Amino acid sequence: MKQKTSVVIIGGGPAGLSAALTLSDEKIPATVFEADPIYLGGISRTVRHGDYLTDIGGHRFFSKSPEIEGFWSRILGDDLLQRPRSSRILYRGKLFSYPLKALEVLKKIGYGESILCTISYMKSHFIPIKPARTFEDWVVNRFGKRLFQIFFKTYTEKVWGIPCDQISADWAAQRINSLSLGVAILNALTPWRNNSRKVKTLVESFRYPRKGPGMMWEVCAKKFISAGGMVVMGSPVDRLSWDKSASQWTVEGSNANGLRFKHQATDVVSTMPLRDLIPALDPPASAAALQAANGLRYRDFITISVVVEEGKNGNGDDIFQENWLYIHDPSVRVGRIQNYKSWSPELVPAPIPGQPSRTFLGVEYFCFKGDGLWESTDHELIALAKKELLATGILKNPEHFIEAFVNRQEKAYPVYDDTYQDHVATIRDEIAIHYPGLHVSGRNGMHKYNNQDHAMMTGILTARNIIAGENLWDVWRVNQDAEYLETRSGLGGLIDPPVKT
Ligand SMILES: Cc1cc2nc3c(=O)[nH]c(=O)nc-3n(C[C@H](O)[C@H](O)[C@H](O)COP(=O)(O)OP(=O)(O)OC[C@H]3O[C@@H](n4cnc5c(N)ncnc54)[C@H](O)[C@@H]3O)c2cc1C
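Presented here is a report on the structure given in the accompanying data block.

### What to know about the nonpolar core
For step 1, the next point in the chain: Of all hydrophobic cores here, the largest spans 115 residues; its most connected members are Leu-240 and Leu-277.
For step 2, the next point in the chain: Of all the elements, helix 6 (residues 145-160) adds the most residues to this core, at eight residues.
For step 3, the next point in the chain: Not counting residues up to four positions away in its chain, the partners in contact with Leu-277 are Leu-240, Ser-270, Met-272, Ile-431, Leu-438 and Val-440.
For step 4, the next point in the chain: Ranked by size, the runner-up nonpolar core spans 27 residues in total, among them Ile-327, Val-363, Ile-394 and Phe-401.

### Section: the pairing of strand 6 (residues 87-91)
For step 1, the next point in the chain: Counting buried positions along strand 6 gives four out of five residues, so the element sits mostly inside the fold.
For step 2, the next point in the chain: The pairing of strand 6 with strand 7 (residues 94-98) spans five bridges and is antiparallel. Following the sheet pairing, Tyr-91 is matched in strand 7 by Lys-94.
For step 3, the next point in the chain: Where strand 6 folds back onto strand 7 in an antiparallel hairpin, the turn is made up of two residues, including Arg-92, whose phi is positive at roughly 45 degrees.
For step 4, the next point in the chain: Judged from the four bridges that link them, strand 6 and strand 16 (residues 324-327) form a sheet pairing that is parallel. Paired with Ile-89 across the two strands is Tyr-326, which belongs to strand 16.

### Comments concerning the site of the ligand
For step 1, the next point in the chain: Around the ligand sit 33 residues, and of these Glu-34, Ser-44, His-59, Arg-60 and Asn-450 come closest.
For step 2, the next point in the chain: Ala-35 has a polar backbone atom sitting 3.1 Å from a nitrogen atom of the ligand.
For step 3, the next point in the chain: At 2.6 Å from an oxygen atom of the ligand is found a main-chain nitrogen or oxygen belonging to Asn-450.
For step 4, the next point in the chain: Against a free-state accessible area of 1,000 Å², the protein chains account for coverage of 91% of the ligand.
For step 5, the next point in the chain: Broken down by secondary-structure element, the contributors of at least two residues to the shell around the ligand are helix 1 (14-25), strand 19 (401-414) and helix 16 (452-468).
For step 6, the next point in the chain: A per-class count over the shell around the ligand returns 15 nonpolar, 14 polar and four charged.
For step 7, the next point in the chain: Counting only domains with at least three residues in the shell around the ligand, you end up with domain 1 (7-82 + 210-296 + 417-487) and domain 3 (298-414).

### Observations regarding the sheet that holds strand 11 (residues 248-254)
For step 1, the next point in the chain: In space, the four strands of this open sheet follow the order 12-11-10-14, with mixed pairing throughout. Edge positions in the open sheet fall to strand 12 (260-265) and strand 14 (281-282), since each of these has one partner strand only.
For step 2, the next point in the chain: Judged from the two bridges that link them, strand 10 (residues 237-243) and strand 14 form a sheet pairing that is parallel. In the strand pairing of strand 14, Leu-240 is matched with Leu-281.

### Section: the pattern of salt bridges
For step 1, the next point in the chain: Overall, the coordinates contain 22 salt bridges when judged by the stated rule.
For step 2, the next point in the chain: Linking Glu-252 and Arg-260 is a salt bridge whose minimum nitrogen-to-oxygen distance equals 3.7 Å.
For step 3, the next point in the chain: Among the salt bridges present, the one from Arg-297 reaches Asp-417, with a minimum N-O distance of 3.7 Å. Of the two residues, Arg-297 sits in the loop between helix 11 (287-294) and strand 15 (298-309) while Asp-417 sits in the loop between strand 19 and helix 14 (420-434), which places them 120 residues apart along the sequence.
For step 4, the next point in the chain: Look at Arg-297 and you get partly exposed, because its relative accessible area is 35%.
For step 5, the next point in the chain: A residue is classified by how much of its surface remains accessible, and Asp-417, at 16% relative accessible area, is buried.
For step 6, the next point in the chain: What emerges from the salt-bridge pattern is a single network uniting Asp-238, Arg-239, Glu-252, Arg-260 and Asp-282.

### So, the sheet that holds strand 6
For step 1, the next point in the chain: Read from one edge to the other, the open sheet built from seven strands follows the order 7-6-16-17-18-15-19, with strand pairing classed as mixed. Of all strands in the sheet, those bounded by a partner on one side alone are strand 7 and strand 19. Going from strand to strand, the sheet's axes swing by 20 degrees on average, the running direction of each strand aside.
For step 2, the next point in the chain: Most of the contacts of helix 6 go to strand 15, to which it runs at about 105 degrees, and overall it touches strand 6, strand 7, strand 15, strand 16, strand 17 (336-339), strand 18 (358-367) and strand 19.
For step 3, the next point in the chain: Where helix 13 (residues 378-391) meets the sheet, it contacts strand 15, strand 17, strand 18 and strand 19, and its direction lies at approximately 105 degrees from that of strand 19.

### Some remarks on helix 2 (residues 66-76)
For step 1, the next point in the chain: For helix 2, the set of buried residues is Ile-68, Glu-69, Phe-71, Trp-72, Ile-75 and Leu-76. Buried residues in helix 2, looked at end-on, bunch into an arc of 155 degrees, giving them a common side.
For step 2, the next point in the chain: Taken from the residues just after helix 2, Gly-77 is the one with a positive phi, measuring 50 degrees.

### As for the packing of helix 2 against helix 9 (residues 213-226)
For step 1, the next point in the chain: Contact geometry of helix 2 with helix 9 gives a least axis separation of 9 Å together with a crossing angle of 75 degrees. One finds that helix 2 runs roughly perpendicular with respect to helix 9. Contacts between helix 2 and helix 9 involve Phe-71, Trp-72, Arg-74, Ile-75 and Leu-76 on the former and, on the latter, Met-215, Met-216, Trp-217, Val-219, Cys-220 and Lys-223.
For step 2, the next point in the chain: Of the residues in the contact of helix 2 with helix 9, the class split is nine nonpolar, no polar and two charged.

### What to know about the pairing of strand 19
For step 1, the next point in the chain: Strand 19 sits mainly inside the fold: 10 of its 14 residues count as buried.
For step 2, the next point in the chain: When strand 15 meets strand 19, the two strands line up antiparallel, connected through 10 bridges. Paired with Phe-301 across the bridge in strand 19 is Gln-409.

### Some remarks on unusual backbone geometry
For step 1, the next point in the chain: The omega torsion of the bond from Lys-130 to Pro-131 falls at -10 degrees, within 30 degrees of zero and hence cis.
For step 2, the next point in the chain: Position of Pro-131 among the secondary structure elements: in the loop between helix 4 (111-126) and helix 5 (135-143).
For step 3, the next point in the chain: Here the amide bond leading from Asp-282 into Pro-283 is cis, since omega sits at 0 degrees, within 30 degrees of zero.
For step 4, the next point in the chain: Among the structural elements, Pro-283 can be located in the loop between strand 14 and helix 11.
For step 5, the next point in the chain: Although it is not a glycine, Lys-27 adopts a positive phi angle of roughly 60 degrees.
For step 6, the next point in the chain: The residue Lys-27 is located in the loop between helix 1 and strand 2 (30-33) in this model.

Each value, and the rule that gives it
- Residues numbered from 1 in each chain as written.
- Predicted model: local features only at pLDDT ≥ 70, side-chain atom pairs only at ≥ 80, totals over all residues.
- Heavy atoms only, no water.
- Core = buried A, V, L, I, M, F, W, Y, C linked by side-chain atoms within 4.5 Å.
- Buried < 20%, exposed > 50% of the residue type's maximum accessible area, 1.4 Å probe, protein only.
- Helix = DSSP H or I, 4+ residues; strand = E, 2+ residues; numbered from the N terminus.
- Contact = heavy atoms within 4.5 Å.
- Pairing = 2+ DSSP bridges.
- Near = heavy atom within 4 Å.
- Polar contact = N/O pair within 3.5 Å; in protein donor to acceptor, adjacent residues only side chain to side chain.
- Areas by Shrake-Rupley, 256 points an atom, 1.4 Å probe, with all protein chains shown as cover.
- Nonpolar A, V, L, I, M, F, W, Y, C, P; charged D, E, K, R; others polar.
- Domains from an automatic or database assignment.
- Salt bridge = Lys/Arg side-chain N within 4 Å of Asp/Glu carboxyl O.
- Axes fitted to C-alpha atoms, helices over the stretch in contact; angles between N-to-C directions.
- Arc of directions from axis to C-beta.
- Parallel < 35°, antiparallel > 145°, perpendicular 65-115°, else oblique.

Right, here's the structure in full:
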């Protein structure tokens, strides 16, 4: 006899909570188990340090999908601010506007270098590398070796920790941002060209919760709870057992006090990393699936949130006003720096009359657990951030560095290396064949380099499949590359075309 549907959701991030709310709208009983003892929102959480609020990376709320935009409006309404988008690139001590401006590029990289970039572009245009196997080949073919070295190599290698000649060309093709950056530079350097690769207008503004991205997920969880759902914090799931005869899942884990918990359901929505999910399954997954899961890699991420005094007279002169700066400079390890106040003034406490105003910077480092940086003490990381803020000239006076806090984010980025697609395909088949009622969603949950909107869409479609009692939607077809979605033409939604399987 088919049991009444009930659902366990592993993870209280955007994917898990979007699935949760969608299920509660249809009165399907659901329980969310979240590993973190304090914060909801996963990578999209907001971390509190006294009165200062940290976003783990700046989280723009922007989607091509009216449904996702509607979801966000429904949750936060007027608490969503409309923010202008502004960023610049720091390269060899010079700040370049982004999108690039022709005259500024010419002036700042110098006329001599500009001519060399143009010659190098021409060379690649007429004698491309064939076949283009790697990210480096792909970018050099499109923009020339010199532009590759100035605007692509350092930042890409900082983000991924892999030399550009070891990143696959397929991955490059998906990185729309890189394409638009290159096209922008080329347009700046070769204004006579008039081809189809003009940059589409960048989204010039985005929405942002006034208390940071976590506000979205905290309010979403409240709505879910008031509709009858349950959220259990500090409860990492470590075992999922499928009882074929009872058509039932038992999900287990340990809570913050070390006590074991067990919960039963007909369906499980997992947003936990695939690498952790597969070895937690019972009956055990096949050797091939275990090996595939073990082969998945992730890039980790550290943000050092720094309180600084703004300008000698508190006039803000010393600190950049953009949302963030990309640090292309190879002489420092920092990859990006956020100015949280430019995201929302409410991330920073109100100024105290008569005292210099303060701002809050996110100094971001991409790393791998085990590479030394991750293992550094907080004290060492804070010293590094201070040193590099001064070295880049962003902070001019060491005395303006007031205090700092360290935030570590494990598995911030699923790595797209040469083998990940095969590994994901193996896991996907294994789950489809052997584990009915187990649904994977979200970023690490599907090993997809997704933004919130795509992660949410996979959660929502998964919930709809559960509500329908059949797989109407193939969540694997939700488009992968969200971050620079706005630069893509002809893309009306997040899944193309809407499919029935
Ligand atoms: C630096 C950076 C900048 C970004 N900028 C943007 C942006 O501008 N705009 C945007 O839309 N997106 C952005 N993103 C992407 C966004 O953070 C993710 O797409 C989104 O958070 C993914 O949601 P998720 O629910 O799939 O996963 P997650 O956010 O990873 O949430 C998963 C949750 O599951 C929990 N969990 C894991 N394992 C277990 C377990 N065993 N048991 C119980 N719970 C578990 C985790 O604690 C976490 O809360 C950015 C990401 C990064 C790293």
